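Results of the structural survey
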Amino acid sequence: MRKIIYIFLALWTLPAAAQDMPPRCWEPYLYVQNYGPWSLNNGIWSLPFTCSSGFNGSVEIAAENVENQGYAEYYINAGDIENGKTFFYTEPCGAMGAFCQYVSLPRQGDFQPPYSLEPIE
């Protein structure tokens, strides 16, 4: 009986520990050349990645928002894009592919980015 209780307690505590960090990305993503592990710096989780086009960025989320899965809380930090930190996504791993696909599209004049929060003039 004690063994069953210990096994139950061990399995019950694992999900709580998994909530302490963002979801792990396991698969290759279209338009993404590679990505690194999550790291925590100053209360912000960051997942660096490189697009197939050579563009670098990172998926970021505040540590206090990690448990709020399914909301637009993950954002792309890309210093070379004028709308840095305005590309929001609800799923962190697929965000890399969606962003890399966006930056690989040819630019068409004054086209407003679809994920930008900047006002359209």
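Rules of the game
- Residues numbered from 1 in each chain as written.
- Predicted model: local features only at pLDDT ≥ 70, side-chain atom pairs only at ≥ 80, totals over all residues.
- Heavy atoms only, no water.
- Pairing = 2+ DSSP bridges.
- Helix = DSSP H or I, 4+ residues; strand = E, 2+ residues; numbered from the N terminus.
- Disulfide = S-S within 2.5 Å.
- Buried < 20%, exposed > 50% of the residue type's maximum accessible area, 1.4 Å probe, protein only.
- Phe/Tyr/Trp six-rings, centres within 6.5 Å; stacked < 30°, edge-to-face > 60°.

As defined by bridge partners, strand β4 (residues 56–62) adjoins strand β5 (residues 74–77) across three bridges and the pair is classed as antiparallel. Looking across to β5, one finds that V59 is bridged to I76. Bridge analysis of β5 against strand β6 (residues 87–89) gives three bridges, and the strand direction is antiparallel. Within β6, the residue paired with Y74 across the bridge is Y89.

So, on to the state of the cysteines. This model, assessed by the stated rule, comprises two disulfides. Each disulfide pairs two cysteine sulfurs, and for C25 the partner residue is C93, the sulfurs being separated by 2.0 Å. Here the disulfide of C25 and C93 is left-handed, its torsion about the S-S bond being about -90°. Taken as a pair, C25 in the loop between α1 (2–18) and β1 (32–35) and C93 in helix α2 (residues 92–104) lie far apart in primary sequence, 68 residues in all. A residue is classified by how much of its surface remains accessible, and C25, at 11% relative accessible area, is buried. Its relative accessible area of 4% is what places C93 among the buried residues.

Let us now look at unusual backbone geometry. For Y31, which is not glycine, the phi torsion reads 75° and is therefore positive. As for its position among the elements, Y31 is in the loop between α1 and β1. Take Y31: its relative accessible area is 33%, and that puts it in the partly exposed class. With a phi angle near 55°, N42 is a residue other than glycine that sits in the positive phi range.

Further remarks concern the packing of aromatic side chains. Enumeration over the complete set of coordinates arrives at four aromatic pairs. Judged by centre distance (5.8 Å) and plane angle (55°), the rings of Y29 and Y35 are tilted. Exposure remark for Y29: the relative accessible area of 17% places this residue in the buried category. A residue is classified by how much of its surface remains accessible, and Y35, at 26% relative accessible area, is partly exposed.

By themselves, these are just geometric observations and shouldn't be taken as functional.
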